[in-house]
Amino acid sequence: MTQPYIAINWNQIEDMIDKLTWEKLTEQFWLDTRIPLSNDLDDWRLLSAAEKDMVGKVFGGLTLLDTLQSQDGVAVLKESIRTQHEEAVLNNIQFMESVHAKSYSSIFSTLNTKAEIDDIFTWTNSNETIQWKADRINEVYQNGSPLQVKAASVMLESFLFYTGFFAPLYYLGNNKLSNVAEIIKLIIRDESVHGTYIGYKFQLGYNQLSQAEQEDLKQWVYQLVFDLYQNESKFTQEIYDEIGWTEKVKVFIRYNANKALQNLGFDPLFPDTAEDVDPIVMNGISTGTSNHDFFSQVGNGYLLGSVEAMTDEDYTKWV
C-alpha cells in the first residue's frame, strides 16, 4: 500500500514561525495595479536623460532578479522544507516575487515608450554584471547544498535588490516619483520578511551542523558575499557614475550585505552602519506609504512601518 497523501493541518503547527509568517505575508498583500503610477509623470518629465536611463537600468536589473527568484529560487527552496506549512509560506513568497517582477513592467508601461522598454530589456538580458550575479546565484540554486541555497536566497532578498532600491528611495526623499517609490517600499516590506524567514530556516539547519561543518559553511558564505559585492560595485559604477551617486550607493549596499549576514546569524563583513547611509534614503525606508482613498476596503495593511531585520520577539507581537 502506498503512503497516504497528508492533508495540511493549520490547527497543528510544528513551527509557529511558519504560521506567523503566513499571517504577516497575507496581511500585507498588495498589487501594483492599486498604485496610481501615472501621478508621477510630471516628475518623470523633469528628470534628465541620464537619470531616466539610470532608472530604466535599475528596474530592468530588479526585474531579472525577481524573475530568477520566482522561477528558480523558491522552487529549489521547497526541496528542503521542514514542514508542510513552510511550503505554503514559500508558495506565498513565490507568488509575491512574481508580483514584484510585474510591478516593474507597470512602471515601465507608465513612464516609457515601447521602444524604450524594448531597449531596457535588451540591455538587461545582455549586461555582463547583471548576468554574472544571476548566474552566480543560480549556480548555487542548481548545485549547492540546501543550506547554501538558503544563504544565496537571503543574499538576493536582503542584499542584491538594494542596489536598485536606492534610486527610488532617494527620489522619494527629494519629493519625486513618490508613487514609484511606494511600490518599492511595498516590495522592501515583503523582502524584509522573506529574507528574515529564509534566514531563520537557514539558522535552524546551521545549528545542527558540527563545528567543523559550521566553520566551512560560514567561510563559504563570506566568500559568496565578497564575490557578490565585487560584482555589485562594478554594476553600481556602471549605472550610477554618470549622475554622481556611486559612492552613496556602495555604502548602502555594504550596509545591506551586513543585514543579509545578520539574517543568517553571522557577524557583519563591512564597517558600514545605518548611520553611514545617506539619511535621505534611510528616511525613505522608514516613512509610511500614502493610504489612497481606494485602499479603504483593504485597510491599513498598506501602511508601512520601519524596515529592519526581524527577531523572534517581533513574531511574538503578531500573536
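Structure: above.
(A) Spotlight on the overall build of the protein chain. Within the protein chain, the regular secondary structure consists of 13 helices and 0 strands. Ordering the α and β elements of the protein chain from the N terminus gives α-α-α-α-α-α-α-α-α-α-α-α-α. Here the protein chain holds 319 residues, and 54% of them are scored as buried. Of all intrachain contacts in the protein chain linking residues separated by at least 6 positions in sequence, the fraction that spans at least 24 positions is 80%. As presented, the protein chain carries roughly 14500 Å² of accessible surface, and 48% of it is formed by carbon and sulfur atoms.

(B) Summary view of the environment of Lys102. Structurally, the position occupied by Lys102 is in helix α4 (residues 84-111). Put simply, Lys102 and Leu31 are 71 residues apart on the chain and 9.4 Å apart in space, counted from C-alpha to C-alpha. Other than its neighbours up to four places away in sequence, Lys102 contacts Asp32 and Thr33.

(C) Broad picture of the nonpolar core. Phe59, Phe165, Tyr240 and Trp245 are the most contacted members of the largest nonpolar core, which totals 91 residues. No other element matches the 12 residues that helix α9 (residues 178-206) contributes to this core. Not counting residues up to four positions away in its chain, the partners in contact with Phe59 are Tyr104, Ile107, Phe108, Pro168, Val180 and Ile184.

The rules we used
Positions within a chain are numbered from 1, following the residues in the order the chain's sequence is written. This being a predicted model, a pLDDT of at least 70 is required before a residue's local features are given, and a value of 80 or more before pairs of side-chain atoms are given or counted; all residues contribute to the totals for chains, interfaces and linings. Calculation of side-chain values draws on the structure's entire complement of heavy atoms; hydrogens and water are dropped beforehand. Strands are runs of DSSP state E lasting at least two residues, helices are runs of H or I lasting at least four, and both sets are numbered from the N terminus onward. Three labels apply to residues, based on accessible area from a 1.4 Å probe with only protein chains included: buried if under 20% of the type maximum, exposed if over 50%, partly exposed otherwise in between. Any two residues whose heavy atoms approach within 4.5 Å at even a single point are treated as in contact. Only the protein chains shown count as cover for residues, with accessible areas throughout obtained via the Shrake-Rupley method and a probe of 1.4 Å. Only buried residues count toward a nonpolar core. Its members are Ala, Val, Leu, Ile, Met, Phe, Trp, Tyr and Cys residues joined through side-chain atoms within 4.5 Å.

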